[in-house]
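Fold and contact review
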Amino acid sequence: MYVLHPITVHFPIALLLVSTLFTFFALRQVRGAWVTSAYHCLLVGWFAGVVAVLTGLFDAARHLTGPDALYTNELIGQVNAHAFTSIAALLVYGLALLRHRRQPDLLEDAEARRGYLRLHVLGAALLMVGGWLGGYLVYVAGLGVR
């Protein structure tokens, strides 16, 4: 059976990080186009992230269970760290999405803007760590390529 997770991770990573970048562009150049583009990247990226997490859970279960599974406690710990940071990033970006949906003009309010930007920065950091851990699992640990 073909591995699904690697196919689904690139778009959410790119869209969520671009959403953060566009949000910062919106602060520098107060234009509605940057805000709209950032929101759409956040929305589509979040839903694509849900698909990536679901396929990741499916692929991890397939690789780490069963009679022919090649795993060690260290590998399971690395898979769990990757899953935890990726799900945490998705939750943080989900909170940012909810805030933006409830208050579309939040970039104009200083206090709301600070909280929203913190969510974006935290989500981006978690996403990069989760992506690095995923790359480690594939390119160093060889998960899914043997």
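The sections below set out a description of the structure shown in this document.

What counts, and where the lines are drawn
Residues numbered from 1 in each chain as written. Predicted model: local features only at pLDDT ≥ 70, side-chain atom pairs only at ≥ 80, totals over all residues. Heavy atoms only, no water. Helix = DSSP H or I, 4+ residues; strand = E, 2+ residues; numbered from the N terminus. Contact = heavy atoms within 4.5 Å. Lys, Arg positive; Asp, Glu negative; His and termini not counted. Charge placed at Lys NZ, Arg CZ, Asp CG, Glu CD. Axes fitted to C-alpha atoms, helices over the stretch in contact; angles between N-to-C directions. Parallel < 35°, antiparallel > 145°, perpendicular 65-115°, else oblique. Left-handed = near helix turned anticlockwise from the far one by under 90°. Nonpolar A, V, L, I, M, F, W, Y, C, P; charged D, E, K, R; others polar. Phe/Tyr/Trp six-rings, centres within 6.5 Å; stacked < 30°, edge-to-face > 60°. 1 Å grid on protein atoms, 1.4 Å probe; cavity = no way out; pocket = protein on both sides within 12 Å on 5 of 7 lines; lining within 4 Å. Points joined across faces, edges and corners; volume = space filled by probe spheres on them. Core = buried A, V, L, I, M, F, W, Y, C linked by side-chain atoms within 4.5 Å. Buried < 20%, exposed > 50% of the residue type's maximum accessible area, 1.4 Å probe, protein only.

Right, let's get into the overall build of the protein chain. The helix and strand tally for the protein chain stands at five helices and zero strands. Listing each helix as α and each strand as β along the protein chain from the N terminus yields α-α-α-α-α. A principal-axis box enclosing the C-alpha atoms of the protein chain has dimensions of 55 × 25 × 25 Å. For the protein chain, restricting intrachain contacts to residue pairs at least 6 apart in sequence, the fraction spanning at least 24 positions comes to 75%. Each charge class in the protein chain was averaged separately, 10 positive and 7 negative side chains, and the resulting centres sit 6 Å apart.

Angle between the axes and distance between the axes: these two values describe a pair of packed helices. Contact geometry for helix H2 (residues 10-28) and helix H5 (residues 110-139): axes closest at 10 Å, N-to-C directions at 150°. Viewed along their axes, H2 and H5 adopt a mutual orientation that is roughly antiparallel. Judged by the sense of rotation from one axis to the other, the crossing of H2 with H5 is left-handed. For the pair H2 and H5, contact is made by Pro12, Ile13, Leu16, Leu17, Ser19, Thr20, Thr23, Phe24 and Leu27 and by Arg113, Tyr116, Leu117, His120, Val121, Ala124, Leu127 and Met128, respectively. Its residues placed into classes, the contact of H2 with H5 shows 12 nonpolar, four polar and one charged.

As a further point, take the packing of aromatic side chains. Evaluation of the coordinates by the stated rule reveals five aromatic pairs. Residues phenylalanine 22 and phenylalanine 25 carry aromatic rings whose centres are separated by 6.3 Å and whose planes lie at 25° to one another, so their mutual orientation is stacked. You can see phenylalanine 22 and its partner phenylalanine 25 sitting in helix H2, three residues apart, about one turn around the helix. Taken together, a centroid distance of 5.0 Å and an interplanar angle of 65° make the contact between phenylalanine 22 and tryptophan 34 edge-to-face.

To continue, consider empty space enclosed by the protein. By the definition in use, this model includes one cavity of 30 Å³ or more. When its volume is computed, the largest cavity comes out at roughly 40 Å³. For the largest cavity, the full set of lining residues is Thr23, Val35, Ala38, Tyr39, His100, Leu107 and Tyr116. No other element matches helix H3 (residues 32-64), which puts three residues into the lining of the largest cavity. Of the residues contributing to the lining of the largest cavity, the split by class is five nonpolar, two polar and no charged.

Another aspect to go through is the nonpolar core. Leu42, Tyr93 and Tyr116 are the most contacted members of the largest nonpolar core, which has 18 residues in total. The set of elements that each furnish at least two residues to this core consists of H2, H3, helix H4 (73-102) and H5. Those residues in contact with leucine 42 that sit more than four places away from it in its chain are Leu16, Ser19, Tyr93, Ala96, Leu97, Tyr116 and His120. If you look at the next biggest cluster of nonpolar residues, it comprises seven residues, including Ala60, Leu64, Leu75 and Val79.

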